[in-house]
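Overview (structure and organization)
One letter stands for each residue in the lines below.
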Amino acid sequence: MRAEAACLALAMLLCAGVADARPGTATKYRPANLLGGYSDKEIEPGLWRIKARANGIAEPGFAQNMAIYRAAELLDARGFSHMQVVDQKGKSMSMGFGGASPSYAGGDMTLWVRGAQDAAASSQCQAKDAALCFTVPVRRTLDRVRPFLTFPDDGT
């Protein structure tokens, strides 16, 4: 499951069209509440944990998009040009109704990130699989992921 989450996170950053937010999405990009959202915490100096949860009325990848966007937003506000993902865990859930093919029913994502001023790979990878660690530009991440989120003021 962790390798799938890594692929989703990388795909969100590098490819367009992975997850398409649609009108009617109940989960919005906002602090966590009963319908989903994000939370963040600095768990040691310079290391943040970002959690995101999407409910059943959200597109596949929405929680991953929300987590990576919140991480980039947080590090941008602190003046970092790059984000080092040093570990991640996530899952998507699906369910079927009456023999129908499975449909998306939510998901969650947790990222552990550090800020950086260059694109160098982090030497502080905490994941069991080094492929789960990577460094990306903060502003590019914000620009690429924003279209795939639904914000409370979007009117949707």
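Residues numbered from 1 in each chain as written. Predicted model: local features only at pLDDT ≥ 70, side-chain atom pairs only at ≥ 80, totals over all residues. Heavy atoms only, no water.

1. A look at the state of the cysteines
Throughout the structure, instances matching the rule amount to one disulfide. Here cysteine 125 engages in a disulfide with cysteine 133; their sulfurs sit 2.0 Å apart. Looking along the S-S bond of the cysteine 125-cysteine 133 disulfide, the torsion reads about 70 degrees, which is the right-handed sense. A relative accessible area of 31% means that cysteine 125 is categorised as partly exposed. (Disulfide = S-S within 2.5 Å. Buried < 20%, exposed > 50% of the residue type's maximum accessible area, 1.4 Å probe, protein only.)

2. Quick word on the nonpolar core
Ranked by internal contacts, the top residues of the largest apolar core, which has 29 residues, are Met83, Leu111, Val113 and Leu149. Those elements that provide at least two residues to this core are β2 (47–54), α2 (62–77), β3 (82–95), β4 (103–116), β5 (134–137) and α3 (138–145). A total of ten residues in this core trace back to one element, the largest contributor, which is α2. (Core = buried A, V, L, I, M, F, W, Y, C linked by side-chain atoms within 4.5 Å. Helix = DSSP H or I, 4+ residues; strand = E, 2+ residues; numbered from the N terminus.)

3. Overview of the packing of aromatic side chains
Counted under the stated rule, the structure contains four aromatic pairs. Summarising the aromatic geometry, the rings of tyrosine 29 and tyrosine 69 are spaced 5.1 Å apart at their centres and angled 85 degrees between planes, so their arrangement reads as edge-to-face. Residue tyrosine 29 is located in the loop between α1 (2–14) and β1 (36–44), and its partner tyrosine 69 is located in helix α2; the two are separated by 40 residues in the primary sequence. Residue tyrosine 29 is classed as buried on the basis of its relative accessible area of 6%. Of the residues examined, tyrosine 69 reaches a relative accessible area of 6% and is grouped as buried. A connected cluster of aromatic rings, assembled from ring pairs, spans Tyr29, Tyr38, Tyr69 and Phe151. Between arginine 146 and the ring centre of phenylalanine 151, over which it is positioned, the NZ or CZ distance is 4.1 Å. (Phe/Tyr/Trp six-rings, centres within 6.5 Å; stacked < 30°, edge-to-face > 60°. Lys NZ or Arg CZ within 6 Å of the ring centre and 35° of its normal.)

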